[in-house]
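Single-letter residue listing:
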Amino acid sequence: MNGDRSRARRLLTQLRDLRDAAAALSDALVLLDRAGRVRWFNRAARRLLGLEWPHDLNAVLADRLGDSELGTWLREGDQAVADDVAAPGGQAVRLHVEAIPFGHDRRLLLARDVSRLTRLEQVRRDFVANVSHELRTPLTVIHGYLELLDPEDVPALAPVLKEMRAQSQRMGQIVEDLLTLSRLEMQQRLPEERVPMAPLLATLRREAEALSHGRHRIALEDQAHADLLGSPKDLHSAFSNLVSNAVRYTPEHGSITIRWRRTRNGAEYSVTDTGYGIPAEHIARLTERFYRVSSSRSRATGGTGLGLSIVKHVLNLHHAQLRIESEPGKGSTFTCAFDAARLLEAEGDAG
Ligand code: ADP
């Protein structure tokens, strides 16, 4: 008897400790039953979600949060994580929220204050955008004067002038790419326009031929006969970055194939080359800004190290995925996979 009682007391103490620890957490915790009613919440939930103890016990949380961003997210209920949503009642506070299933049909709602991180991220974005913008004008001026100087007037300086022109061109390209990235990062929604693929593919092929100067075999396979829905300008820029990489990282006499084909879940645009290829350990990092496998090769071919970051951002905005397959010495395939929801039947008899 005595043993039972002391075990019960021990259990009770443990339970109380657990509840006190959860109550003291700086993240908001809310236990929800299968109907989405509040069973329990900690102190941080009062501060971050505006819940009132004990008034809000048993309230349906989604109703309690009303039309706030979080209330809408809870009602839609199709995603387990909401990154960067406004705290109900306070726009200045940003939350990272997770709904974690546990027990029988119950959920634990976890909300963390990420305002500081969000602010820092905003400062970083603004800084990059401002620096790039400020550099644009002086670079245009330098570039303009360099163009005015005729190497034939000062033959001794001709090689220097050539190098200065090439470098100012490169700086200009880096600034333009950074501005493109900033714009893509700030963009939340896309223009939902028809992107006619047949003419776009023809343009991409012409661009490949112009870049290659006859050094590669270039093929185009359009088997999808479908158009895309999205931003024509950004998709062109992403697709053409992949084509330009294939040309730049494939030695003379190699082949490059641009493909557009249907898959089970949608369609894929891909560029295959028979070039240098990429060692496996680099592949996961290629879309990071300024990440290069070999910076000398990238520079020598006029790369900025930003092309694949742009590709990734454009694809994210189109809810599409980038897949990279490569074998050193054999070549690479970069594939952009689009969902069926992004496809439109080509107008007329495309081809
Ligand atoms: P860069 O301007 O340097 O080409 P990207 O962001 O376009 O920058 O590409 C990042 C790096 O990925 C490149 O520096 C190169 O090392 C590698 N890479 C990209 N495409 C290919 C390819 N088709 N074949 C081999 N390596 C590639």
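Quick note: structure is the one above.
Quick look at the structure, then. From a predicted model like this one, the values you see are computed outputs, not experimental measurements.

## Focus on the overall build of the protein
A tally of helices and strands in the protein yields 11 helices and 13 strands. On C-alpha atoms alone, the protein measures out to a radius of gyration of 28 Å, which is more than a quarter above the 20 Å that the 2.2 N^0.38 rule sets for 351 residues. The C-alpha extent of the protein, read off along each of the three principal axes, is 100 × 50 × 40 Å. Scored against the burial criterion, the 351 residues of the protein give a buried share of 39%. In the protein, the share of contacts with a sequence separation of at least 24, taken over all contacts with a separation of at least 6, comes to 57%. In the structure as shown, the protein presents an accessible area of about 20,400 Å², 53% of it carried by carbon and sulfur atoms. Both charge centroids of the protein, one from 48 positive and one from 47 negative side chains, sit 8 Å from each other.

## What about the packing of aromatic side chains?
One pass over the full model with this rule turns up four aromatic pairs. Relative to Phe338, the ring of Phe239 lies with its centre 6.1 Å away and its plane at 85°, an arrangement referred to as edge-to-face. Here Phe338 lies in strand β12 (residues 331-339) and Phe239 lies in helix α8 (residues 232-248), a separation of 99 residues in the sequence. In this pair, the class of Phe239 matches that of Phe338, namely buried. For the ring pair Trp260 and Phe338, a centre distance of 6.4 Å and an interplane angle of 80° mean the geometry is edge-to-face. Here Trp260 is found in strand β9 (residues 255-262), whereas its partner Phe338 is found in strand β12, with 78 residues between them in sequence. Overall, the relative accessible area of 0% leaves Trp260 in the buried class.

## Overview of a nonpolar patch on the surface
Taken together, the side chains of Val154, Leu157, Val160 and Met164 present a nonpolar region at the surface, about 330 Å² in accessible area. By secondary structure assignment, the location of Met164 is in helix α6 (residues 158-186). Taking relative accessible area as the criterion, Met164 reaches 42% and is therefore assigned partly exposed.

## Comments concerning the sheet that holds β12
The five strands are arranged β7-β9-β10-β12-β11 in an open sheet whose pairing can be described as mixed. In the strand order of this sheet, the two ends are held by β7 (217-222) and β11 (321-327), each with one partner. Within the sheet, the average angular offset between the axes of one strand and its neighbour, ignoring direction, is 10°. As paired strands, β9 and strand β10 (residues 266-273) are joined by seven bridges and run antiparallel to one another. Each residue of the ladder has a partner; that of Ile258, found in β10, is Val271.

## Considering α8
End to end, α8 covers 24 Å across 17 residues, agreeing with the expected 24 Å (1.5 Å per residue, within 8%). In terms of burial, α8 is a largely internal element, 13 of the 17 residues being buried.

Criteria and cut-off values
- Residues numbered from 1 in each chain as written.
- Predicted model: local features only at pLDDT ≥ 70, side-chain atom pairs only at ≥ 80, totals over all residues.
- Heavy atoms only, no water.
- Helix = DSSP H or I, 4+ residues; strand = E, 2+ residues; numbered from the N terminus.
- Rg over C-alpha atoms; globule rule 2.2 N^0.38 Å.
- Buried < 20%, exposed > 50% of the residue type's maximum accessible area, 1.4 Å probe, protein only.
- Contact = heavy atoms within 4.5 Å.
- Areas by Shrake-Rupley, 256 points an atom, 1.4 Å probe, with all protein chains shown as cover.
- Lys, Arg positive; Asp, Glu negative; His and termini not counted.
- Charge placed at Lys NZ, Arg CZ, Asp CG, Glu CD.
- Phe/Tyr/Trp six-rings, centres within 6.5 Å; stacked < 30°, edge-to-face > 60°.
- Patch = residues over 30% accessible without salt bridge, like charges linked within 9 Å, V, L, I, M, F, W, Y side chains within 5 Å.
- Salt bridge = Lys/Arg side-chain N within 4 Å of Asp/Glu carboxyl O.
- Pairing = 2+ DSSP bridges.
- Axes fitted to C-alpha atoms, helices over the stretch in contact; angles between N-to-C directions.
- Expected span 1.5 Å × (residues − 1).

Fair warning: the whole summary comes from geometry, so function is off the table for now.
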